[in-house]
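# A look at the structure
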Amino acid sequence: MEERRFPRDLAAVGPLHEFVRAFCRARGVTEDHAFEVDVVAEELFANQVKHQRGPDPVRVGLAGGAEGVTVRIVDRDVERFDPTAVPDDVARRNREGRAGGRGLALVRRLSGEFRYDYHDGTAVITAVLRWSA
Amino acid sequence: MFTMATHEGTVTLAGRLDAAEAETAHAAFRALQGPLVVDCDRLEYISSAGLGLLVEAHKRLTAAGQTMRLVRLQPRVRNVLAYAGLDRILRVE
């Protein structure tokens, strides 16, 4: 797993994208699939920035290659908040024209697995994207 | 980097409309007037933050009796709209 630490700030989304793109290029991930990894990594990172107030930078890890990529977020000293348990109400939000609340829906659509673990104040969020050869 | 330019009822979006850029672009989106064509030919990337700007603009213009059309979307950007179910809400051509 390759891992980087990013400041708890949406301004770090740019450097996060650079990390994702460099990883995907080095591992032979197609441009179409790298785009999907980019979206998933941004949505998971942004979710932590918006909803958690931990003291440390947010750790983002990437593993895998052309057949699939795992995105793992590790966030220390944060409250328990399980993004996999958030109801998928995107259809209602769309009907009502609400601006927010689509990030986790995108993660769910793009990921074959979406997991949350919480232990001793550390949250680990994992999304696995898989593509057939 | 994300840019937007408005000319005679068409706003041209270019670059990457991610969470960081969406914060900066919010005021410009709120100033858009209808009827509006949103040219997405050079829009390379969009995440939920960018989708939120489009939804907000669409809701505001529709409430004012105006139209907003999205045109020339790149396939990857079009897919993101579809994953979010917005291809059935926004007018995508």
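A short tour of the structure in this document, coming up. No experiment lies behind these values; they were computed from the predicted model shown.

### Let's talk about the environment of aspartate 82 of chain A
Residue and element names in this part refer to chain A. Its place among the elements puts aspartate 82 in the loop between β3 (68–75) and α3 (90–96). Under the relative-accessibility criterion, aspartate 82 is labelled partly exposed at 27%. Sequence-wise, aspartate 82 and aspartate 117 are 35 residues apart; in three dimensions their C-alpha atoms are separated by 8.1 Å. A polar atom in the side chain of aspartate 82 sits 2.5 Å from the side chain of threonine 84.

### Overview of the environment of valine 77 of chain B
Secondary-structure assignment places valine 77 of chain B in helix α3 (residues 75–83). With 42 residues separating them along the chain, valine 77 of chain B and proline 35 of chain B place their C-alpha atoms 22 Å apart. Discounting chain neighbours no more than four positions away, the residues touching valine 77 of chain B are Phe35 of chain A together with Leu43, Glu44, Tyr45 and Ile46 of chain B.

### Observations concerning the pattern of salt bridges
Residues and elements named next belong to chain A. For the coordinates displayed, the defined rule picks out 22 salt bridges over all chains. One salt bridge in this structure joins arginine 8 and aspartate 75, with 2.6 Å as the shortest N-O distance. With arginine 8 in the loop between β1 (2–6) and α1 (13–26) and aspartate 75 in strand β3, this pair connects stretches of sequence that are 67 residues apart. Its salt-bridge partner being arginine 92, residue glutamate 96 comes within 3.4 Å of it at the nearest N-O pair. Remark: arginine 92 and glutamate 96 occur in helix α3; sequence separation between them is 4 residues, near one turn of the helix. Accessibility expressed as a relative area gives 37% for glutamate 96, which makes it partly exposed.

### Observations concerning the interface of chain A and chain B
Counting from both sides, the interface comprises 25 residues of chain A and, opposite them, 23 residues of chain B. Taken together, chain A and chain B are joined by 2 salt bridges. Between aspartate 32 of chain A and arginine 76 of chain B there is a salt bridge whose closest N-O contact spans 2.5 Å. Of all elements in the fold, only α1, α2 (31–51), α3 and α4 (103–110) of chain A reach the threshold of two or more residues within the side of chain A that touches chain B. When residues of the side of chain A that touches chain B are assigned to their parent elements, the largest contribution, 8 residues, is made by α2 of chain A. For the side of chain A that touches chain B, the class distribution of residues is 9 nonpolar, 4 polar and 12 charged.

### Regarding the sheet that holds strand β5 (residues 122–130) of chain A
Residues and elements named next belong to chain A. Sheet architecture is open: 5 strands sit in the order β1-β2-β3-β5-β4, paired in antiparallel fashion. With partners counted over all chains shown, the strands left at the sheet margins are β1 and β4 (113–119), one partner each. The average angle at which neighbouring strand axes cross in this sheet is 15°, direction not considered. Pairing between β4 and β5: 7 bridges, direction antiparallel. Within β5, the residue paired with phenylalanine 114 across the bridge is alanine 127.

### Topic: the packing of aromatic side chains
How two aromatic rings sit relative to each other is set out by the distance from centre to centre and by the angle between their planes. Inspection of every chain in the model, using the stated rule, returns 4 aromatic pairs over all chains. Aromatic side chains phenylalanine 6 of chain A and phenylalanine 19 of chain A sit 6.0 Å apart centroid to centroid with 40° between the ring planes, which places their arrangement in the tilted category. Of this pair, phenylalanine 6 of chain A sits in strand β1 while phenylalanine 19 of chain A sits in helix α1, and the two are 13 residues apart along the sequence. Relative accessible area serves as the criterion here: at 6%, phenylalanine 6 of chain A is assigned to the buried category. Relative accessible area serves as the criterion here: at 7%, phenylalanine 19 of chain A is assigned to the buried category. Among the aromatic residues, those joined into a cluster by ring pairs are Phe6, Phe19 and Phe45 of chain A. One residue, arginine 16 of chain B, lies across the ring of tyrosine 45 of chain B, its end atom 4.3 Å from the ring centre.

Parameters at a glance
The written sequence of each chain sets the order in which its residues are numbered from 1. By the order in which they are written, chains take letters starting at A while ligands take numbers starting at 1. For a predicted model such as this one, the threshold for reporting local features is a pLDDT of at least 70, and the threshold for listing and counting side-chain atom pairs is 80 or more; totals across whole chains, interfaces and linings nevertheless cover every residue. Calculation of side-chain values draws on the structure's entire complement of heavy atoms; hydrogens and water are dropped beforehand. Only DSSP runs of H or I with at least four residues qualify as helices, and only runs of E with at least two residues qualify as strands; both kinds are numbered from the N terminus onward. Burial classes follow relative accessibility: with a 1.4 Å probe on protein chains only, a residue under 20% of its type's maximum area counts as buried, one over 50% as exposed, and anything between as partly exposed. Whenever two N or O atoms come within 3.5 Å, that pair is a polar contact, provided that in protein one can donate a hydrogen and the other can accept it, and provided that, for residues adjacent in sequence, both atoms are side-chain atoms. Here, two residues are considered to be in contact whenever any of their heavy atoms come within 4.5 Å of each other. Every case where a carboxyl oxygen of Asp or Glu lies within 4 Å of a side-chain nitrogen of Lys or Arg is listed as a salt bridge. In this classification, the charged set is Asp, Glu, Lys and Arg, the nonpolar set is Ala, Val, Leu, Ile, Met, Phe, Trp, Tyr, Cys and Pro, and all remaining amino acids, among them Gly, are polar. We call two strands paired when DSSP finds no fewer than two bridges between them. An axis is simply a line fitted to the C-alpha atoms; with a helix, the fit covers only the stretch in contact. Between two such axes, the angle follows the N-to-C directions and lies from 0 to 180 degrees. When two rings of Phe, Tyr or Trp (its six-membered ring) have centres within 6.5 Å they constitute a pair, described as stacked for plane angles under 30 degrees, edge-to-face for angles over 60, and tilted for the intermediate range. Charge-over-ring contacts are defined here by two conditions on Lys NZ or Arg CZ: a distance within 6 Å of the ring centre and an angle within 35 degrees of the ring normal.

Everything listed here is a matter of geometry and, on its own, says nothing about what the molecule does.
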